[in-house]
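Each chain, letter by letter, is given below.
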Amino acid sequence: MFLAPHGQPQCAHVIHSYGAWWEPHEEAVYMCMDYMAYSVAQLAAFGDGLPESIVRDVVLQTVIGLRHLHEALLWWRTHARSQASDAVIQGFVERITDRLTVALAELGHMDEAINMARNSLQQSEQRRLVVGGTPEVLRRLWVDHSRLGELLIAKGELDEAGRHIAEDLQISQQVLALNPNSSQAIADLGIAHLKWAELVVAQGNLGEAREALNLALQSIRAATQLRTRSEEAPRLLVAVLTN
């Protein structure tokens, strides 16, 4: 990873770039950046390899570095973005945020993952205020509420999780009302019902969980029927069932 900071704070886990230039004779771009004598793969080749504790630290530092790059990209959007690239950058930032949130949770940094999910939700709410409740904005809000609710369930904070999943259900119904023949919108509603079932199981309410699962299966069947003639139908069914 490398970054030309241009006013951004330094990060110990990011290799910094100090500029680049085009070499016409070799038709190549040369970059001036910090020197690394060995890669992790090369170090692992010595002796019996790297201890698990060191590998864990390397993974954590990589995630921290990626988060710094994510924040730097947000800074770049604020100071140097263009309208033509705004949508592409927005999608890229959202994908990076999602992956970092999942990585932090899997590494056991649940509080930091929840904070990142909350920040993502706050940015989506601000975007709705600016551009309105378009289907794209509403679906991003659906993703943010769903992920935050899932993380809060894992941490045992069921009351707050319930508020986010209830909002998730409401948003998925709004999107479906805008696109009643959208298999993606129907599938999203099914996933929201699955999340609600997961919540009420954690609360010990098995009867309500059974009802939510039935609603989820109805949505899954409806979404699959809309894609019966499409090659994406099996992929959709697997994606919903494993979410």
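Residues numbered from 1 in each chain as written. Predicted model: local features only at pLDDT ≥ 70, side-chain atom pairs only at ≥ 80, totals over all residues. Heavy atoms only, no water.

Visitor: Any chance you could explain helix H7 (residues 183–202) here in plain terms?
Guide: In an α-helix, one turn spans 3.6 residues, which is why side chains three or four residues apart end up on the same side. Compared with an ideal rise of 1.5 Å per residue, which puts 20 residues at 28 Å, H7 spans 29 Å between its outermost C-alpha atoms and is within 8% of the ideal. Among the residues trailing H7, Gly204 stands out with phi positive, at a value near 90°. (Helix = DSSP H or I, 4+ residues; strand = E, 2+ residues; numbered from the N terminus. Expected span 1.5 Å × (residues − 1).)

Visitor: Sorry, what's going on with the nonpolar core here?
Guide: One recurring pattern in soluble globular proteins is that nonpolar side chains are buried together. Judged by nonpolar contacts, the single largest core of 32 residues is most densely connected at Leu141, Trp142, Leu148, Ile153, Ile171 and Leu199. Only helix H3 (83–106), helix H4 (110–131), helix H5 (135–155), helix H6 (158–178) and H7 provide two or more residues apiece to this core. For this core, the element with the highest residue contribution is H5, accounting for nine residues. Leu148 has contacts with Ile114, Ala117, Arg118, Leu121 and His164, leaving out every residue within four places of it along the chain. (Core = buried A, V, L, I, M, F, W, Y, C linked by side-chain atoms within 4.5 Å. Buried < 20%, exposed > 50% of the residue type's maximum accessible area, 1.4 Å probe, protein only. Contact = heavy atoms within 4.5 Å.)

Visitor: Help me understand the packing of H5 against H6, please; the structure alone is not making it clear to me.
Guide: The description of two packed helices rests on the angle between their axes and on the distance between the axes. Where H5 contacts H6, the axes come no closer than 8 Å and their chain directions differ by 155°. Between H5 and H6, the interaxial angle falls into the category roughly antiparallel. Here the hand of the crossing between H5 and H6 comes out left-handed. Side by side, H5 and H6 meet where Pro135, Leu138, Arg139, Leu141, Trp142, His145, Ser146, Leu148, Gly149, Leu152 and Ile153 of the first sit next to Leu158, Glu160, Ala161, His164, Ile165, Glu167, Asp168, Ile171, Ser172, Gln174, Val175 and Leu178 of the second. (Axes fitted to C-alpha atoms, helices over the stretch in contact; angles between N-to-C directions. Parallel < 35°, antiparallel > 145°, perpendicular 65-115°, else oblique. Left-handed = near helix turned anticlockwise from the far one by under 90°.)

Visitor: Help me understand H6 in this model?
Guide: Under the 1.5 Å per step criterion, the end-to-end length of H6 is 30 Å for 21 residues, consistent within 8% with the ideal 30 Å. Among the residues of H6, Leu158, Glu160, Ala161, Gly162, His164, Ile165, Asp168, Leu169, Ile171, Ser172, Val175 and Leu176 are the ones counted as buried. Where H6 is buried, its residues contact H4, H5 and H7.

Visitor: Sorry if this is basic, but what is going on with a nonpolar patch on the surface here?
Guide: Residues Trp22, Val29, Met31 and Met33 make up a contiguous nonpolar surface patch of roughly 400 Å² in combined accessible area. Positionally, Met33 belongs in strand E3 (residues 28–33). Here Met33 falls in the partly exposed class, since its relative accessible area comes to 33%. (Patch = residues over 30% accessible without salt bridge, like charges linked within 9 Å, V, L, I, M, F, W, Y side chains within 5 Å. Areas by Shrake-Rupley, 256 points an atom, 1.4 Å probe, with all protein chains shown as cover. Salt bridge = Lys/Arg side-chain N within 4 Å of Asp/Glu carboxyl O.)

Visitor: What should I look at first to understand the pattern of salt bridges in this one?
Guide: The final tally for this structure, using the stated rule, is nine salt bridges. Arg128 is the salt-bridge partner of Glu125, the closest N and O atoms lying 2.8 Å from each other. Residue Glu125 and its partner Arg128 are both found in helix H4; the two are separated by three residues, about one turn of the helix. Overall, Glu125 belongs to the partly exposed group, its relative accessible area being 28%. Overall, Arg128 belongs to the partly exposed group, its relative accessible area being 25%. Among the salt bridges present, the one from Lys195 reaches Glu150, with a minimum N-O distance of 2.9 Å. Here Lys195 is found in helix H7, whereas its partner Glu150 is found in helix H5, with 45 residues between them in sequence. On the basis of relative accessible area, Glu150 is assigned to the partly exposed category, the value being 35%. One salt-bridge network, in which partners are shared between bridges, spans Asp98, Arg140, Asp144 and Arg147.

Honestly, it's all geometry; don't read function into it.
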